[in-house]
Structures are given as structure tokens and as C-alpha cells.
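# A look at the structure
Here's the letter readout for the chains.
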Amino acid sequence: MKKIAIYGKGGIGKSTTSANLSAAFSEMGHKVCQIGCDPKNDSTRLLLGRICRETVLDMVRESEDGEVTAAQIIHTGFNGIQCVEAGGPEPGVGCAGRGIIVALEKIRALGAIAEEQLVIYDVLGDVVCGGFAVPIREGYATDIYIVSSGELMSLYAANNIAKGIQKFAKRGKVRLGGIIGNGRNTENELEVLTEFATKINSKLIMYIPRDKVVNQAEVQRKTVIEWAPESNQADIYRTLAKKMDTNEDLRIPEPLSFEELEELVYKYGN
Ligand code: ADP
Ligand code: MG
């Protein structure tokens, strides 16, 4: 079953998209596990209906011998979805990237994820340091998707992530499945995102519009799939899940130079 990683700039909509995708995949009958790899540890909030306080790193810190059980770190959310949060370092001590390395090693050592499970890694991609690159570097995920809006800094982060994927694709199975556009209503956003995706040898797999139902559901601590199952937005997440489920067009990206990126955004009048 597919092992997917969702990367993108902080605040761009990775966790919202990941949680809605997990919910949609579970509706399709998949056994889903979502792993939050962001020290913010709110990846699974919409699935659990609460902020997960029992992160892998917290559980490791609290245990006397550094050992944890699967039951301590895997929490069951909406529709039986398994939720894990890697957690973050204590403020001022340690490194967030290192935290992800430790957390993913623990999960692997416990054999907590079965081959038949569909896994979504929700990973912060502002910096693709050793830790944040682990899901793509160590073969945890093979199908990578990047969430971006049409804003320059979001595309800049997306381009950097593409650089990381290109590097690790040479020696492994990791490939870019596409760009997931998450709308910020910038000038000609769809055109900017489509051209960016094509230029880096990928495709815009979906454009998710900005919709207040997402924020209404968030206040209820629910995904749109759960809170407003009949809404257009819920169907958009379902369509994206179906496309990702059958996506075999996975490629090695060819990132742009910063000048090319600036030119692209400039061309469309941002
Ligand atoms: P990230 O995980 O990338 O840091 P989040 O998923 O937490 O970002 O999203 C940041 C904010 O943007 C949240 O308040 C979320 O509800 C909002 N958001 C994300 N996608 C949409 C959308 N399509 N429409 C409206 N609001 C959105
Ligand atoms: Mg997040």
C-alpha cells in the first residue's frame, strides 16, 4: 500500500489536507495511518478531535528506559485512522529534525506499521535538513506531494523540497507525485501553480480552493469530510484521494533556479 509524504511550507495547509485525505482514504476502505512530523504536533488534531499530547518524543522522555509501546504512541481517530505525532524537542534544547529521526526509528523498531496500511507522513518542509528529509531519505515514503499556494515563498519552499527529492531519487524509489495547490487567492494562482508544476517536471494534481467550511470544521476539531460530508470541499478532498490512490505518474523533479522562480511569479503579476 502507498506510503505518502506531504511536504510544504509551514502554515500552507499540509495538516488540513493530510487529515482530510486520511479521512477520504479511510472512507474508500483503506487502513490509514497518519504520522505528524512537525514539532507543532497538531497534524492529527482534526482526526483525534484534540491535540495529541502523547507524542513519540514525549513518551520516550517520560519512560525510564527510553522504551515505548505501540499503544502509547498510536492513537485511534476518525473512522479507525491510526494517528501518531513525532513530537518536538524541549524548547531551547535539541533539534526538531533529530526528533523526527528518533520518532520514526521507534515506530519502525516496534513494527507498528503494516505493509497493507496506507501511510501519510505530514512533514514540515521549510528546511529540508537531515531530520525533515528522513521520510524521503530513508525510504519511509515513496510518493511525495508538495502543498503550495501561488505565493513566492510557498513556491520557494516547494522548489527546495523538489531539490531534496531529486537528490534522494537517484539512489532510491522516492518520486514526486505532484503539486497540491492550496488556494490563497493570489493573482492568477491556478496558472502560476500549473506552470510551476510543469516546469519542475511534475503536474498540478489538484487545486483546492480556499473555503470557509475548512475553518468552520477546524473550530469543531473535525475534518471537512466528517463535519460537512455533503459539501463541495469534501468532494474535492475525495477526488484528490482517488487521484493519489491510482497515481502511477511519479517523477524525478527538476527544480528551478531562484531567478526562474521569481520570473514565473512576476510574469503572472504577483
Ligand atoms: P500546515 O500544516 O501546513 O502548517 P495547516 O493545515 O495547519 O497548515 O493550515 C493552516 C491554516 O490554514 C489552518 O487554520 C487551516 O484551517 C487553514 N486552511 C488550510 N487549507 C485551507 C483551505 N483550503 N481553505 C481555508 N482554510 C484553509
Ligand atoms: Mg501542520
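Residues numbered from 1 in each chain as written. Chains lettered and ligands numbered in written order. Predicted model: local features only at pLDDT ≥ 70, side-chain atom pairs only at ≥ 80, totals over all residues. Heavy atoms only, no water.

## Concerning the pattern of salt bridges
Worth spelling out the cut-off: Take a side-chain nitrogen of Lys or Arg and a carboxyl oxygen of Asp or Glu: if they are within 4 Å of each other, that pair is a salt bridge. The helix and strand labels rest on DSSP assignments: H or I over at least four residues marks a helix, E over at least two residues marks a strand, and numbering proceeds from the N terminus. When accessible area is computed with a 1.4 Å probe and restricted to protein chains, residues below 20% of their type maximum are described as buried, those above 50% as exposed, and intermediate ones as partly exposed.
Here the structure, examined in full by the defined rule, presents 13 salt bridges. Close ionic contact of R238 with E27 constitutes a salt bridge, the shortest N to O distance being 2.8 Å. Of the two residues, R238 sits in helix α11 (residues 232–246) while E27 sits in helix α1 (residues 14–27), which places them 211 residues apart along the sequence. According to the relative accessible area criterion, R238 is buried, its value standing at 17%. In this structure, R251 and D249 form a salt bridge, with 2.9 Å as the shortest nitrogen-oxygen distance. With relative accessibility at 29%, the residue R251 sits in the partly exposed group.

## Let's talk about the site of ligand 1
Worth spelling out the cut-off: For this purpose, a residue is taken to be near a molecule or strand whenever a single non-hydrogen atom of the residue falls within 4 Å of it. For this analysis, a polar contact is any N or O atom pair within 3.5 Å, provided that within protein one partner can donate a hydrogen and the other can accept it, and provided that sequence-adjacent residues contribute only side-chain to side-chain pairs. All accessible areas in this document rest on Shrake-Rupley with a 1.4 Å probe, and a residue is counted as covered only by the protein chains that are shown. In the scheme used here, Gly and all other residues not listed as nonpolar or charged are polar, with Ala, Val, Leu, Ile, Met, Phe, Trp, Tyr, Cys and Pro taken as nonpolar and Asp, Glu, Lys and Arg as charged.
Close to ligand 1 lie 18 residues; G11, G13, K14, S15 and T16 are nearest. Note that a nitrogen atom of ligand 1 is positioned 3.1 Å from one of the backbone N or O atoms of D211. Between ligand 1 and E218, the relevant distance is 3.0 Å, taken from an oxygen atom to a side-chain nitrogen or oxygen of the residue. For ligand 1, the protein covers 89% of the area, taking 560 Å² as the surface of the free molecule. Its residues assigned to classes, the shell around ligand 1 comprises four nonpolar, eight polar and six charged.

## A word on a negative patch on the surface
The following threshold applies: For patch building, the residue pool is restricted to those with more than 30% relative accessible area and no salt bridge; the joining distance is 9 Å between like charges and 5 Å between nonpolar side chains (Val, Leu, Ile, Met, Phe, Trp, Tyr). Lys and Arg are tallied as positive, Asp and Glu as negative. Neither His nor the chain termini are counted. Positions of charges follow a simple convention, taking NZ of Lys, CZ of Arg, CG of Asp or CD of Glu.
A surface patch of negative charge is lined by E259, E260, E262 and E263. For E263, the position within the fold is in helix α12 (residues 258–267). Residue E263 is classed as exposed on the basis of its relative accessible area, which comes to 57%.

## Considering the sheet that holds strand β8 (residues 204–208)
For clarity, the cut-off: Strand pairing is assigned whenever DSSP identifies at least 2 bridges connecting the two strands. We call two residues contacting when some pair of their heavy atoms lies within 4.5 Å. Lines fitted to C-alpha atoms define the axes, with helix axes restricted to the stretch in contact, and inter-axis angles between N-to-C directions lie between 0 and 180 degrees.
Read across the sheet, eight strands follow the order β3-β4-β2-β5-β1-β6-β7-β8 without closing on themselves; strand pairing throughout is mixed. Of all strands in the sheet, those with a lone pairing partner are β3 (75–76) and β8, marking the two edges. Alignment of strand β1 (residues 3–8) against strand β6 (residues 143–148), held across five bridges, turns out to be parallel. Its bridge partner being in β6, A5 is matched across the sheet by I144. The sheet contacts of helix α6 (residues 130–137) involve β1, β2 (32–37), β5 (118–124) and β6, and relative to β1 the element is tilted by about 145°. Strands in contact with helix α8 (residues 189–199) are β6, β7 (175–182) and β8; relative to β8, the strand with the most contacts, it is inclined by about 160°.

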